[in-house]
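The primary structure of each chain is shown beneath.
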Amino acid sequence: MKNEEEQWIWQEPETAWKGVGIYHITMVVSSRKPLLGELVIPDNDPEQARVELTPLGNEIKECVKTIQNHHPEIQILALRMMPDHVHFILHVKRKMEIGIKAAMRGFWQGAKIIGRAYTSSINPNDIRDNERRVDPIFNEVPFIRPMSRRGQLQAMIRYVQMNPQRLATKLLKPGFFRVQDGIEIAGRTYSGVGNAKLLQERHFMPVHVRRTMVDEAEHGDNQRLRDYKNRCVLAARNGSVMVSPFISEHERAVLEVLLKEKHPIIYIADNGFGQYFKPSDGLFDAVAEGRLFILSPWPFDPKKKQVTRAECVAMNQMAEEICSIVHYSE
């Protein structure tokens, strides 16, 4: 068993975490026990889903709110309590002396005292004399994700706010969100989440923006790049299932149109699916509506942060292989 100090391993230990920025914080209850609240789904309508907090959940919620009281450099932009975890988004408005790591550790310690007091019915003022009697509510340290890309903040706020609705959708439509293993395609074995029936469609087309197109655009001639992206969208409108890892910004621009227009997509992912996998914002809705199948040939790696060039090349090859199952036109 690791001691408390050894458990504090952060996402980027070489980073000071003291600067101005936006941070998404997630804390998970030990063993994913629903101690903080209960998901309520009126009329089985995910849009109406809400979390009714337990007394402990209310106390933890108030504990989150005190972060900005203890650290005036911090502003809470969003907060969502779930039955077994907590999401909140923090804005560090000016450089901190102790850093976000120490600030979150202070919150973690406060939550630990509340949790132990709650589960053992001990007065919080006396809890330090009983430190070893009951496990803390949060055994894991916070997961901290700094945000830097344009548009990322609003997307993350929406993600946090929509958590109850997304959990309700997963519970009401478990088939599309269940991880499917052992999917054999062109000699490779994948795991998948979403609508596997998309693999039975008749027409597929990869989305792969070539480097030569980008180079031409950077030198003032974007005709070929623009025509290719338009051709991808037109193919989807004509019934082709678009297949890609959607790595580059130009490929992601195509993905945005495909999602907006609700076309079928097969998405190649660079990481597998953990036990509590949940697709991100726009992808989630597409999975729920049966318009998306996410595939990955790799096992889930919780420490994975970035995709390598070799993985990019491999995933583009996988998209070509999937499309070669039936005839497609470039």
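Residues numbered from 1 in each chain as written. Predicted model: local features only at pLDDT ≥ 70, side-chain atom pairs only at ≥ 80, totals over all residues. Heavy atoms only, no water.

Draft legend 1. Region of interest: the sheet that holds strand β1 (residues 21-28). Sheet architecture is open: 4 strands sit in the order β4-β5-β1-β6, paired in antiparallel fashion. At either margin of the open sheet sits one strand with a lone partner, and together these are β4 (74-81) and β6 (143-147). Across the sheet, the mean angle separating the axes of adjacent strands is 20° when strand polarity is ignored. Bridge analysis of β1 against β6 gives 5 bridges, and the strand direction is antiparallel. In the sheet register, H24 faces β6, and the bridge partner there is R145. (Pairing = 2+ DSSP bridges. Helix = DSSP H or I, 4+ residues; strand = E, 2+ residues; numbered from the N terminus. Axes fitted to C-alpha atoms, helices over the stretch in contact; angles between N-to-C directions.)

Draft legend 2. Fine view of the packing of aromatic side chains. Applying the stated rule across the entire model yields 4 aromatic pairs. Summarising the aromatic geometry, the rings of F88 and F107 are spaced 5.6 Å apart at their centres and angled 75° between planes, so their arrangement reads as edge-to-face. Here F107 lies in helix α4 (residues 99-120) and F88 lies in strand β5 (residues 85-92), a separation of 19 residues in the sequence. Plain terms: the ring middles of F177 and F284 are 4.8 Å apart, the flat faces sit at 35° to each other, and that makes the pair tilted. (Phe/Tyr/Trp six-rings, centres within 6.5 Å; stacked < 30°, edge-to-face > 60°.)

Draft legend 3. Molecular detail of helix α2 (residues 55-65). Taken together, the buried positions of α2 are occupied by L56, G57, I60, C63 and V64. Taken around the axis of α2, the buried residues stretch over an arc of 120°, which confines them to a single face. (Buried < 20%, exposed > 50% of the residue type's maximum accessible area, 1.4 Å probe, protein only. Arc of directions from axis to C-beta.)

Draft legend 4. Here's a closer look at the sheet that holds strand β12 (residues 292-296). Taken in spatial order, the 6 strands line up as β7-β8-β12-β11-β10-β9 in an open sheet, and their pairing is mixed. Both outer strands of the open sheet, β7 (180-185) and β9 (204-206), are each paired with one neighbouring strand and no more. Geometrically, the sheet is characterised by an average inter-axis angle of 30° between neighbouring strands, direction not taken into account. In this sheet, β12 lies alongside strand β11 (residues 265-268) in parallel orientation, the contact comprising 4 bridges.

Draft legend 5. Main features of the nonpolar core. Ranked by size, the top nonpolar core spans 29 residues in total, and within it M242 and L292 carry the most contacts. Those elements that provide at least two residues to this core are α8 (211-218), α9 (223-237), α10 (249-260), β11, α11 (281-288) and β12. Among all residues touching L292, those that are not within four sequence positions of it are V193, G194, N195, L198, I265, Y267, L283, A286 and V287. With 28 residues, the next largest nonpolar core counts V64, V86, W108 and A111 among its residues. (Core = buried A, V, L, I, M, F, W, Y, C linked by side-chain atoms within 4.5 Å. Contact = heavy atoms within 4.5 Å.)

Draft legend 6. A look at the packing of α9 against α10. At a minimum axis separation of 10 Å, α9 and α10 run at an interaxial angle of 30°. When the axis of α9 is compared with that of α10, the two are roughly parallel. Handedness of the crossing formed by α9 with α10: right-handed. On α10, the residues touching L225, K229, C232, V233 and A236 of α9 are H250, A253, V254, V257 and L258. Of the residues in the contact of α9 with α10, the class split is 8 nonpolar, 1 polar and 1 charged. (Parallel < 35°, antiparallel > 145°, perpendicular 65-115°, else oblique. Left-handed = near helix turned anticlockwise from the far one by under 90°. Nonpolar A, V, L, I, M, F, W, Y, C, P; charged D, E, K, R; others polar.)

Draft legend 7. Region of the structure containing the pattern of salt bridges. This model, assessed by the stated rule, comprises 14 salt bridges. Here R210 makes a salt bridge to E320, at a shortest N to O gap of 3.5 Å. Within this pair, whereas R210 is found in the loop between β9 and α8, its partner E320 is found in helix α12 (residues 309-323), the two being separated by 110 residues in sequence. When its relative accessible area of 36% is taken as the criterion, R210 is described as partly exposed. Taking the relative accessible area as the measure of exposure, E320 reaches 18% and is therefore buried. Residue D215 is joined to R211 by a salt bridge in which the shortest nitrogen-to-oxygen separation is 2.9 Å. Of this pair, D215 and R211 both sit in helix α8, 4 residues apart, roughly one helical turn. One continuous salt-bridge network, built from bridges that share partners, spans R158, R166 and D285. (Salt bridge = Lys/Arg side-chain N within 4 Å of Asp/Glu carboxyl O.)

Draft legend 8. Inspection of the environment of L295 at higher detail. Assignment of secondary structure puts L295 in strand β12. By relative accessible area, which is 0% here, L295 ends up buried. Excluding anything up to four places from it in sequence, L295 contacts I183, I185, Y190, S191, G192, I266, Y267, I268, A269, F273 and I322.

Draft legend 9. Layout of the packing of α8 against α9. The contact between α8 and α9 brings their axes to 7 Å, and the two run at 130°. In terms of orientation, α8 lies oblique with respect to α9. Contacts between α8 and α9 involve T212, M213, E216 and A217 on the former and, on the latter, R224, L225 and Y228. Among the residues forming the contact of α8 with α9, the class breakdown is 4 nonpolar, 1 polar and 2 charged.

Draft legend 10. Seen up close, the environment of P142. On the secondary structure map, P142 appears in the loop between α4 and β6. With relative accessibility at 2%, the residue P142 sits in the buried group. Separated by 118 residues in the primary sequence, P142 and H24 have C-alpha atoms spaced 9.8 Å apart.

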